[in-house]
Each structure stands twice: as structure tokens, then as C-alpha cells.
Protein chains: 2
Amino acid sequence: MRISMTGEYAVRAMIHLSSISKGKVTHISDISKEQNIPETLLRKIMGQLVKIGLVRSSRGKGGGVMLAKPGDSISLLDIIQGIEGQIILNQCLVDEKYCDQTSYCAVRKVWQQAQDQMLSILNGKSICDLANESNRNFLEFSNNKQTLN
Amino acid sequence: MRISMTGEYAVRAMIHLSSISKGKVTHISDISKEQNIPETLLRKIMGQLVKIGLVRSSRGKGGGVMLAKPGDSISLLDIIQGIEGQIILNQCLVDEKYCDQTSYCAVRKVWQQAQDQMLSILNGKSICDLANESNRNFLEFSNNKQTLN
DNA sequence: GTAAATGTGAGTATTGTAGTCATATTAGGG
DNA sequence: CCCTAATATGACTACAATACTCACATTTAC
């Protein structure tokens, strides 16, 4: 049970985008290089991100991609669900026909609970938070390295 | 991102087993019928459950399957992880080579947190709990139905 | 018109999953 | 020893999803 590469790539690309100053564009090829994501694949993923309204793009010379809205209004969950569809841990949570015990099954409830917890955690983090935290961690990381040398 | 059918079947089979009085055996074919699980597939799943020590089986006439230990010492997580292997939401949580930012990446931390939450919920429920709760819910459910009619 | 961008449908290779089938193995009881 | 009832398992199939690639289309600025 894993997140898809597509989902991971999307998250990385979005974090990259959130580091670009507002109003400026980047190019898919740049993100591809810096984040080490196959370019043609990233093109498709960016296409999806545009479709679901998280990214704005413009074609042609001078074109490129940028966040469609402020980074603090986009959660990790928005990205993942946008790309992968709804996260549903257990079949019986989605398919009524699958199990005839839905109305009293305790297992179902546990999955529901686990799923809710997970979603709320992913929902609680904006890509803005993520970019900032990573930056802060990176600085600490670099400082530690320096003092070690 | 879903649990596999195999995992779901295993859980159902285990709950079924936990309803059998201690010391008695059931047959795979019975579980198959009652839980609506393809028999040949269930045979394989039971094989795995035996291998990981959750089920005890005996062959031949008078043989069958039973829980290998008390139902309250077996968690939902034991079953799922036993069957599906470790639950790992995000690639970077398992594959060091995959991402060179492991030491400071904030995304990684969020996934870790979501995963921990989920595991702890699954770990907190024994199949004994589950069987009891389902029974209790079922009774309520039936009563409601009766009073409605 | 040309170069620089994104957009996209079709195709491929690989893997994973759900499930089947045939056959082996084990055990009890005549 | 043989029959029957049970689990065990390796090989196989069918299908779907994933992670890509490729070629080409489209858009825009100059």
C-alpha cells in the first residue's frame, strides 16, 4: 500500500513551484532537472495539476508554470487526492455491494477511523509549510555539517 | 491506495475463526462459503496465515483450521502486515536512494506521522474486539429493524 | 515563420493482483 | 492397505495499473 510515483512527483513539483517568487514562471524542464523527474512524465503530471486548478500554465515563448493560488492554501491532501483520486483504504468503504455487513461491521469503522486520521494529517500541511520547514531543516542540517568539519 | 483483497479476505477469515469456540476446528471450505471468498484463493491465504503463526492447521480427516493464539492477542495490524508486508505510505520512507533530502525533508516527516497514526489505530484493535463489536452492532441493528416493522 | 513553450493520445514494458487448476501431502478409520 | 477427507503448493492465466516514452499538436512572442 503505497502512494504512486505520480503522487510523489506532483508533491515535489508543487513544493518546487512554491519556492518561485510570486508572479514569475518556471519551466517544466527546469523542475524536471532539479527534482530529478522524467520530463515527459512530469509534463503529464503538470497537465493534471493544471486541470485540477492547482497550477496555472501559459504556452509559447515566455510561457511556463506557476502556482494557481497561494501556497498556504494548498494542502498535501489537495495534491495527492487531485492526482490519485480519493484515498480509500478499504474496499468496503467504497463499494456497498462488496460487503453486506456495512451497517454493523466493526472492521469498517476501524478503517474509517484510520483513514480519517491520515487524511486530516495530510490536510493539515500546506505546501507552504512544507517548503518552509524543509528550508529550515536544511539550514540546520548544513550548520551541523559545518560545525562537524 | 487501497488494501488488497487478500488482506481483506484474511481479516474476514480471522474474524470468522475467532468466533469458533476454542479447541474446535473449522474447514476452509466453510469459511469460504460463509464469508463469500473464492475457496482456492482462501486456501492460499490460510497457508500464509499459518506460515506467519496466526493460524494453526491440521491435515487429513478431522483436520481443519483454528486460531494459533487467543483472539485478543491478534491485532488487525498483525494480519494486514503479515499478509501484505509492511505498510509504507511513501516511497522515500523505505528507499534511501530514492531521495537525497531524507535528512531534512519535511514531506517525509508528514508521511511518517500519517503512517504512524494509521498503524497505531490498526494495532489498537484485536480481532476479538472486532468480532465482539460486530456482534453487538448486529444485535442493535436487528432490534432496530424489528421495532421498525 | 520560427523558436520556445505546454498539451495530449497512443503505445509499451513491467509489475502486481486475483484467481484457477492440477497435483501433492497428510491423517483417520475401516 | 486403501479410501476418504482434509490442507499445501507450484504453475499458470487474465486482467489491470503503473511508469514511462514518443510523436505530434497547439499556442505564443518576436
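All figures in this text were calculated on a predicted structure; none of them were measured in a lab. (Residues numbered from 1 in each chain as written. Chains lettered and ligands numbered in written order. Predicted model: local features only at pLDDT ≥ 70, side-chain atom pairs only at ≥ 80, totals over all residues. Heavy atoms only, no water.)

1. Some thoughts on the confidence of the model for chain A
Logical step 1: Averaged over all residues, the pLDDT of chain A is 90; the fraction at 70 or higher stands at 93%.
Logical step 2: Looking across chain A, the model is least confident in helix α6 (residues 127-148) of chain A, with a mean pLDDT of 83, and most confident in strand β2 (residues 64-67) of chain A, with 98. (pLDDT = per-residue confidence, 0-100. Helix = DSSP H or I, 4+ residues; strand = E, 2+ residues; numbered from the N terminus.)

2. A few points about the protein's contact with DNA strand D
Logical step 1: Close contacts around DNA strand D come from 21 residues, with A:M5, B:R43, B:K44, B:S57 and B:R59 the closest.
Logical step 2: The share of sugar and phosphate among atoms of DNA strand D within 4 Å of the protein is 69%.
Logical step 3: Between a phosphate oxygen of DNA strand D and a main-chain N or O atom of A:M5, the distance comes to 2.9 Å.
Logical step 4: At a separation of 3.2 Å, a base oxygen of DNA strand D approaches a polar backbone atom of A:K61.
Logical step 5: Mapped by element, the contributors of at least two residues to the surface near DNA strand D are α1 (5-18) and α3 (39-51) of chain A together with α3 (39-51) and β1 (55-58) of chain B.
Logical step 6: Here the surface near DNA strand D is built from residues that sort into 5 nonpolar, 9 polar and 7 charged. (Near = heavy atom within 4 Å. Polar contact = N/O pair within 3.5 Å; in protein donor to acceptor, adjacent residues only side chain to side chain. Nonpolar A, V, L, I, M, F, W, Y, C, P; charged D, E, K, R; others polar.)

3. A few points about the nonpolar core
Logical step 1: Membership of the largest hydrophobic core comes to 86 residues, with the highest contact counts inside it found for A:M14, A:L49, B:M14, B:M46 and B:L49.
Logical step 2: Once residues lying within four places of it in the same chain are set aside, the contact partners of B:L49 are B:A10, B:M14, B:L54, B:V55, B:I79 and B:I83. (Core = buried A, V, L, I, M, F, W, Y, C linked by side-chain atoms within 4.5 Å. Buried < 20%, exposed > 50% of the residue type's maximum accessible area, 1.4 Å probe, protein only. Contact = heavy atoms within 4.5 Å.)

4. As for the relation of the copies chain B and chain A
Logical step 1: When chain B is brought onto chain A, the operation consists of a screw motion whose angular component is 180° and whose axial shift is 0.0 Å, with 0.0 Å RMSD remaining. Overall, the copies show the geometry of a two-fold rotation axis.
Logical step 2: The overlap is high: 100% of the interface residues of chain B also sit at the interface in chain A, so the same surface is used on both sides. (Least-squares fit on C-alpha atoms with pLDDT ≥ 70 in both.)

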